[in-house]
Amino acid sequence: MGTSSSATSGGSVEGGGVVLPVGGGVGPVRTSASARVSLPGTPLAASAARRFVRAALADWAALEVPAADRVTDRVADEAILLVSELVTNAVVHAGTAVEVSCALDVSDREGEPPSLVVEVTDHHPTRVVRGDPPDPDERPEYAGGHGLRLVAEIAESWGTTYRRATKSVWFQMAVAPTSAAAAGTGAMGSAFMDAAATMDPAADTVAAPEGGFGAGTVREGLGPAPEGAGVVCEGRKEAVEIVAPAPGRAPVRVDPDWIQRGALSFLAEASDLLAGQFDEDMVTSLAGQLLVPRLADWSAIWLDSTSGPPRLARVWHASEGRIEGLRRVLEKEPPQVPAAVRGSAVEWPWPADPAAYGPGGAALACRLVAGGRALGTLLLGRAGLVRMPDEAVGLVEDFARRVALALASARRYTRQATISRVLQRGLLPSVIPRIPGVESAVVYEPTGDISAGGDFYDVFPAGDGRWCFVLGDVCGNGPEAAVVTGLVRPWLRLLAREGYGVGEVLDRLNQLLGEEAVEQAVEGAAEAVAAGVEAVGGPAGVVELMDGGLVGTGLPAGGGVARFLSLLYGELEPLGEGEGVRCTLASAGHPLPLVLRPEGGVRTVAAPQILLGVVDDVTYESESFDLAPGETLLCVTDGVTEHRSGDRQFDDEDGLAAAFALCAGLSAREVAERVRQAVDEFAAEPPDDDLAMLVLKVV
């Protein structure tokens, strides 16, 4: 830590910068005393800056520097508060070493009081000073503190000086007139003199402040300086550390409107961050980071369990090295808040063994209650306080209510997702059986993850050497679509194993969908959804079944009411070793399948027919053809063909056939991956409908 001295009149000009105004910038001004210190850009800089200013004022009082006896407790406390804020801003935003200068200026103009001028300089002049409008392209780096808002509220005048390599923020505060000091109305001279009297008068050197910011001597032969000469001072170990106002000191003035705006801003930010989270562990993590260090030095959240004791879900501390020690202490004694307290914050004993994670202080416990149900407990503490201020207690209660609502939403989401997973396992096959002489691959990519969707697939043996495959899309999705899917899959298997041909299976399935029982089942599912909690969409997942192997996981999205169905249904009959297979299929309102020849040619097979469930008296026709070795059959749902990019669809101008033609020579799995990649690359946005593909390649 380095120091320098100067005796100035007016301001100084460095490197082409502007003049630093002192004494109001009017009339002759002389510096009664000045001090300067250099601090490294570390988290301890603010504490060292407070010690430095405090020690400088104490030394000036001890040396009877002109006007030093007029510095009141209030002025000193406010100056130390402001320098702490400015140094913190400089360290966080600039990340460089910081110079702090402190000067006591006396005006020769009659009736104009002396002034205390403090300047904080960093070496990164391109950053926005806290309090100015932020750069919209710059990521916020620091949460907490008030920066220039405090300076503007407290200082008589202040400003910013930009030089080529540095940026300085200065402020000026008028000290009390002589009459106030003489009358003893809060003058700080006696307090400084008492502090100075405890120092060793025989000492020729002064030690640097604690905290590792410097060592060695500062000035030899410290003694009274002639009037008008600059006096260079440095912090002593005996100088009082300003961490909290001493008893009897005048507090910094507070603006209630400012506090209210800050509380509302904090709660609004908390609501925005917590509302979009559907994992309770993420909710507790965000809650801890929002509280610490803004409202507390540490916090912990327990989550209630229906089958056991509360679980300590999250512990957070302003000093990360103390988190584990705090966790060990808190795990021993989970808070037992009385049930009658409900969502109110109550004072709580500071947990035992405070040495493990910091000094003692005030703690609060608050039950997390949403919808009349207790979900957990929030515990937080602030070191150095006898009790939490009433404003902080009210803010904690409001914050706890928001955390509780977010936890309740996350738990509902988790329950819905669990139900959907169970339902999905019943609607889709767990494995794809191996068809002799045929490679198979299925890609299933739903649009959500908390309710069953409308697309489905199946591959199963029908007896007599026949293998059946199905790719369907119920009009709509959610529980209503799941009801239809849950009925159609077993019906198809039953009809196929009873020996019905492809066209006959669709005829009978169409009749079954028109029956009243199916309609009632679908309407019942719709009413259940309307009466329940609305499903919340989530990120898409992917399920792939490759020759019986399961790759990835995913769940579909909810919504929509319908019992109409598009279906592609077919049968495969092996013709013999190396001779291919006979394929018979029919399409009911479904995108037509494509066949890829080994040389890259693509043709469409089957003819379009009406959706199932629309018209009762309709007859469906099937088409038979042979698939030779090396040929590949591709079946897709409309989530592939109708995937949009602006006004264009993926299958416009035979886009699917063009992408399929590039897959010649690939295995069934590779074809599925290549086509899905082409769909993903077609548009910046992901598909807004369920996507399913079935690939069958004869080998």
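Within every chain, residues take consecutive numbers counted from 1 along the sequence as written. Residue-level local features of this predicted model are given only where pLDDT is at least 70; pairs of side-chain atoms are given and counted only at 80 or more, and the full residue set underlies all totals for whole chains, interfaces and linings. Hydrogen atoms and water are omitted, and side-chain values are computed over all heavy atoms in the structure.

Quick word on the overall build of the protein chain
This is how it is decided: What counts as a helix is a DSSP run of H or I of at least four residues, what counts as a strand is a run of E of at least two, and both are numbered from the N terminus. The classification of residues rests on relative accessible area computed with a 1.4 Å probe and restricted to protein chains. Under 20% of the type maximum is buried, over 50% is exposed, and intermediate values are partly exposed. Residue contacts follow a heavy-atom distance rule, with two residues in contact if any of their heavy atoms lie within 4.5 Å. Methods summary: accessible areas were calculated by the Shrake-Rupley approach with a probe of 1.4 Å, and residue burial reflects only the protein chains presented.
Scanning the protein chain from N- to C-terminus turns up 15 helices and 24 strands. In the protein chain, buried positions account for 48% of the 699 residues. Contacts in the protein chain between residues far apart in sequence, at least 24 positions, make up 70% of those at least 6 positions apart. Accessible area for the protein chain stands at about 31,600 Å²; split by element, carbon and sulfur atoms hold 52% of it.

A few points about the environment of Gly-665
With respect to the element layout, Gly-665 can be found in the loop between helix 14 (655-661) and helix 15 (668-682). With relative accessibility at 67%, the residue Gly-665 sits in the exposed group. As for Gly-665 and Leu-596, which are separated by 69 residues in sequence, their C-alpha atoms are 9.7 Å apart.

As for the packing of aromatic side chains
Formally: Pairing of aromatic side chains here covers Phe, Tyr and the six-membered ring of Trp, requires ring centres within 6.5 Å, and sorts the geometry by plane angle: under 30 degrees stacked, over 60 edge-to-face, intermediate tilted.
As enumerated under the stated definition, the model contains five aromatic pairs in all. Judged by centre distance (4.7 Å) and plane angle (20°), the ring pair of Phe-278 and Tyr-413 falls under stacked. Of this pair, Phe-278 sits in the loop between helix 6 (256-275) and helix 7 (280-291) while Tyr-413 is found in helix 9 (residues 390-427), placing the two residues 135 residues apart along the sequence.

Quick notes on the side chain of Thr-637
Its location among the elements puts Thr-637 in the loop between strand 21 (632-636) and helix 13 (638-641). Judged by its relative accessible area of 0%, Thr-637 falls in the buried class. Not counting the four nearest positions on each side in its chain, Thr-637 is found in contact with Asp-455, Leu-471, Gly-472, His-590, Pro-591, Asp-690, Leu-691 and Ala-692.

Here we look at the pairing of strand 16 (residues 565-576)
Let me state the cut-off plainly: A pair of strands is considered paired only if DSSP assigns at least 2 bridges between the two.
For strand 13 (residues 466-474) and strand 16, the ladder comprises eight bridges, and the chain directions are antiparallel. Counterpart to Asp-473 in the pairing with strand 16 is Ser-566. Between strand 16 and strand 17 (residues 580-588), which follow one another and run antiparallel, lie three residues, and Gly-578 among them has a positive phi close to 75°.

Brief notes about the sheet that holds strand 6 (residues 298-303)
For clarity, the threshold we go by: Here, axes are lines fitted to C-alpha atoms. For helices the fit covers the stretch in contact, and angles between N-to-C directions go from 0 to 180 degrees.
With respect to topology, five strands assemble into an open sheet ordered 7-6-10-9-8, the strand pairing being antiparallel. In this open sheet, the two edge strands, each paired with only one partner strand, are strand 7 (311-317) and strand 8 (345-348). Adjacent strand axes in the sheet meet at a mean angle of 20° when their direction is disregarded. Along the sheet, helix 7 contacts strand 6, strand 7 and strand 10 (373-383); its crossing angle with strand 7, the most-contacted strand, is approximately 30°.

Some thoughts on the pattern of salt bridges
Under the convention used in this document: We define a salt bridge as a contact between a side-chain nitrogen of Lys or Arg and a carboxyl oxygen of Asp or Glu at a distance within 4 Å.
In this structure the tally under the stated criterion is 19 salt bridges. When the shortest N-O distance is used, the salt bridge between Asp-390 and Arg-387 registers 3.2 Å. Of the charged contacts, one joins Arg-603 and Glu-631 as a salt bridge, the two residues approaching to 3.7 Å between their closest N and O atoms. On the criterion of sequence distance, the pair formed by Arg-603 in strand 19 (residues 602-604) and Glu-631 in the loop between strand 20 (623-627) and strand 21 is long-range, its members being 28 residues apart.

Topic: helix 1 (residues 45-62)
For clarity, the threshold we go by: In this scheme, a helix's expected span is set at 1.5 Å multiplied by one less than its residue total.
The end-to-end C-alpha distance of helix 1 is 25 Å, a good match for the 26 Å that 18 residues give at a rise of 1.5 Å each. Taking burial as the measure, the 18 residues of helix 1 include 17 buried ones, the bulk of the element. Immediately beyond the C-terminal end of helix 1, within one or two residues, lies Glu-64, with a positive phi of roughly 55°.

Some details on the sheet that holds strand 17
Pairing within the open sheet is antiparallel, and its five strands lie in the order 12-13-16-17-20. Because the sheet does not close on itself, it has two edges, and the strands there are strand 12 (455-463) and strand 20. In this sheet, adjacent strand axes meet at a mean angle of 20° when their direction is disregarded. Direction of pairing for strand 12 relative to strand 13: antiparallel, over a ladder of eight bridges. By the bridge assignment for strand 13, Asp-455 is matched with Asp-473. Contacts from helix 11 (residues 502-513) reach strand 16 and strand 17, with the element oriented near 155° to strand 16.

Some thoughts on the packing of helix 1 against helix 2 (residues 73-94)
Under the convention used in this document: Each angle gets one of four labels, with under 35 degrees taken as roughly parallel, over 145 as roughly antiparallel, 65 to 115 as roughly perpendicular, and the rest as oblique. Crossing handedness is read from the near helix: turned anticlockwise from the far helix by less than a right angle, it gives a left-handed crossing, and turned clockwise, a right-handed one. The nonpolar class holds Ala, Val, Leu, Ile, Met, Phe, Trp, Tyr, Cys and Pro. Asp, Glu, Lys and Arg form the charged class, and all remaining residues, Gly among them, are polar.
Here helix 1 crosses helix 2 at 150°, and the two axes come no closer than 8 Å. In terms of orientation, helix 1 lies roughly antiparallel with respect to helix 2. Both helix 1 and helix 2 take part in a crossing whose hand is right-handed. Contact residues: Ala-45, Ala-46, Ala-49, Arg-50, Val-53, Arg-54 and Leu-57 in helix 1; Ala-76, Asp-77, Ile-80, Val-83, Ser-84, Val-87, Thr-88 and Val-91 in helix 2. Taken together, the residues that form the contact of helix 1 with helix 2 break down as 10 nonpolar, two polar and three charged.

What to know about a nonpolar patch on the surface
Put simply, the rule is: Here the term patch refers to residues with relative accessible area over 30% and no salt bridge, with like charges joined within 9 Å and nonpolar side chains (Val, Leu, Ile, Met, Phe, Trp, Tyr) within 5 Å.
Taken together, the side chains of Phe-564, Ile-610, Val-614 and Val-615 make up a nonpolar region of the molecular surface, amounting to roughly 280 Å² of accessible area. Structurally, the position occupied by Val-614 is in the loop between strand 19 and strand 20.

What about unusual backbone geometry?
The linkage connecting Val-292 with the following residue, Pro-293, adopts the cis geometry, with an omega of 5°. Positionally, Pro-293 belongs in the loop between helix 7 and strand 6. Of note in this structure, Glu-64 is not a glycine but carries a positive phi near 55°. Mapped onto the secondary structure, Glu-64 falls in the loop between helix 1 and helix 2. You can call Glu-64 exposed: its relative accessible area is 64%. Positive phi values are uncommon outside glycine, yet Ala-67 reaches one of about 75°. With respect to the secondary-structure elements, Ala-67 resides in the loop between helix 1 and helix 2.

Things to note about the side chain of Arg-50
What counts is decided by this rule: We call two N or O atoms a polar contact when they sit within 3.5 Å, provided that within protein one can donate a hydrogen and the other can accept it, with sequence-adjacent residues counted only if both atoms are side-chain atoms.
Residue placement: Arg-50 occurs in helix 1. For Arg-50, a relative accessible area of 16% translates into the label buried. A polar side-chain atom of Arg-50 sits 2.9 Å from a polar atom in the side chain of Ser-84.

Regarding helix 7
For helix 7, spanning 12 residues, the distance from its first C-alpha to its last is 17 Å, which sits close to the expected 16 Å at 1.5 Å a residue. Buried residues of helix 7: Val-283, Thr-284, Ser-285, Leu-286, Ala-287, Gly-288, Leu-290 and Leu-291, and no others. Measuring from the backbone nitrogen of Asp-281 back to the side-chain oxygen at the start of helix 7 gives 3.1 Å, which picks out Asp-279 as the cap.

Side note on the confidence of the model for the protein chain
Just so we agree on the cut-off: A residue's pLDDT is the confidence the predictor assigns to it, expressed on a 0 to 100 scale.
Residues of the protein chain with pLDDT of at least 70 account for 70%, and the chain-wide mean is 74. Long-range and interchain partners of residues 127-145, a stretch whose pLDDT sits below 50, account for 30 contacts in this model, where long-range means more than four residues apart.

Describing the pairing of strand 6
The buried fraction of strand 6 is high, at six of six residues. Burial along strand 6 is two-sided: Trp-298, Ala-300 and Trp-302 and Ser-299, Ile-301 and Leu-303, pointing in opposite directions, are all buried. Pairing of strand 6 with strand 7, which is carried by six bridges, proceeds in the antiparallel orientation. By the bridge assignment, Ser-299 is partnered in strand 7 with Trp-316. For strand 6 and strand 10, the ladder comprises six bridges, and the chain directions are antiparallel. When the sheet's bridge partners are listed, Ile-301 is paired in strand 10 with Leu-378.

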